[in-house]
Amino acid sequence: WLEDGMLMRTHTSASQVRVMREYGAPLRAIFPGRCFRNESTDATHETTFHQCEGLMVGDDITVAHLLAVMRTLLTSVFERDVAVRLRPGYFPFVEPGFELDIRCLICGGGGCQTCKQHGWIELMPCGMVHPGVLEAGGIDPDTHSGFAFGLGLTRLAMMKFGIPDIRLFHSGDLRFYEQFPATV
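Keep in mind the model is a prediction, meaning the values are calculated, not measured. (Residues numbered from 1 in each chain as written. Predicted model: local features only at pLDDT ≥ 70, side-chain atom pairs only at ≥ 80, totals over all residues. Heavy atoms only, no water.)

A. Summary view of unusual backbone geometry. For the bond from Ala25 to Pro26, the omega torsion is 0°, close enough to zero to count as cis. Mapped onto the fold, Pro26 is located in the loop between helix H1 (15-23) and strand E1 (27-36). Here the amide bond leading from Glu95 into Pro96 is cis, since omega sits at 0°, within 30 degrees of zero. Even without being a glycine, Lys116 presents a positive backbone phi close to 55°. Looking at the secondary structure, you find Lys116 in the loop between strand E4 (94-103) and strand E5 (120-129). (Helix = DSSP H or I, 4+ residues; strand = E, 2+ residues; numbered from the N terminus.)

Right, dumping it as structure tokens:
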């Protein structure tokens, strides 16, 4: 919270209703943005991160569509197939809600500090858009459905480049940054 009582953005989900009101259905949208959380930091959690929220709304969108899009996205990013799993999860904007995990690419699933010895790492919360959110966006939940996901870009980069600790991104250590080629 800021001193004036305002809250810095904790997620990018609020953009969903705005885009539904403006464009209606069907739609596909991506909402990148910087997010701020009041939480303890560890190897996979940081107080500031960039998130990319995705939203797809149309006729007969199902969990199968969600999984297909997530698998395609992850295969493209990692340039190979990665093992994924869905676990139930609660998020107020989706119902049902899931945690999409991938097998830890740091340790290959054997267990390490990054995955807290579980072999899996939470990569993106996701789920089917809650009917109330569709209604708030001016879309009839009886004729349309959709899915949404939130992808932490820093955690994605950790898995892509084998970075074991998210805190390295904000460390200011030039040796960390110099290992990545600069692109223009």
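B. Spotlight on the nonpolar core. Residues Leu74, Leu100, Ile102 and Met124 are the most contacted members of the largest nonpolar core, which totals 27 residues. Contributions of two or more residues to this core are made by helix H2 (63-78), E4, E5, strand E6 (145-152) and helix H4 (153-161). Top element by residues in this core is E5. It accounts for 5 residues. Setting aside its immediate chain neighbours within four residues, Ile102 contacts Leu74, Phe78, Val82, Ala83, Val84, Gly119, Trp120, Ile121, Leu123 and Met159. Counting residues in each nonpolar core, the second largest holds 14 residues, with Ala29, Phe31, Val129 and Leu134 among its members. (Core = buried A, V, L, I, M, F, W, Y, C linked by side-chain atoms within 4.5 Å. Buried < 20%, exposed > 50% of the residue type's maximum accessible area, 1.4 Å probe, protein only. Contact = heavy atoms within 4.5 Å.)

C. Up close: the layout of surface pockets. In this model, the largest pocket occupies a volume close to 540 Å³. Arg37, Gln51, Glu122, Pro125 and Gly150 are, among the 29 residues lining the largest pocket, the residues nearest its centre. Those elements giving two or more residues to the lining of the largest pocket turn out to be strand E2 (48-58), E4, E5, E6 and H4. Here the element with the most residues in the lining of the largest pocket is E6; it accounts for 5 residues. Its residues assigned to classes, the lining of the largest pocket comprises 12 nonpolar, 10 polar and 7 charged. (1 Å grid on protein atoms, 1.4 Å probe; cavity = no way out; pocket = protein on both sides within 12 Å on 5 of 7 lines; lining within 4 Å. Points joined across faces, edges and corners; volume = space filled by probe spheres on them. Nonpolar A, V, L, I, M, F, W, Y, C, P; charged D, E, K, R; others polar.)

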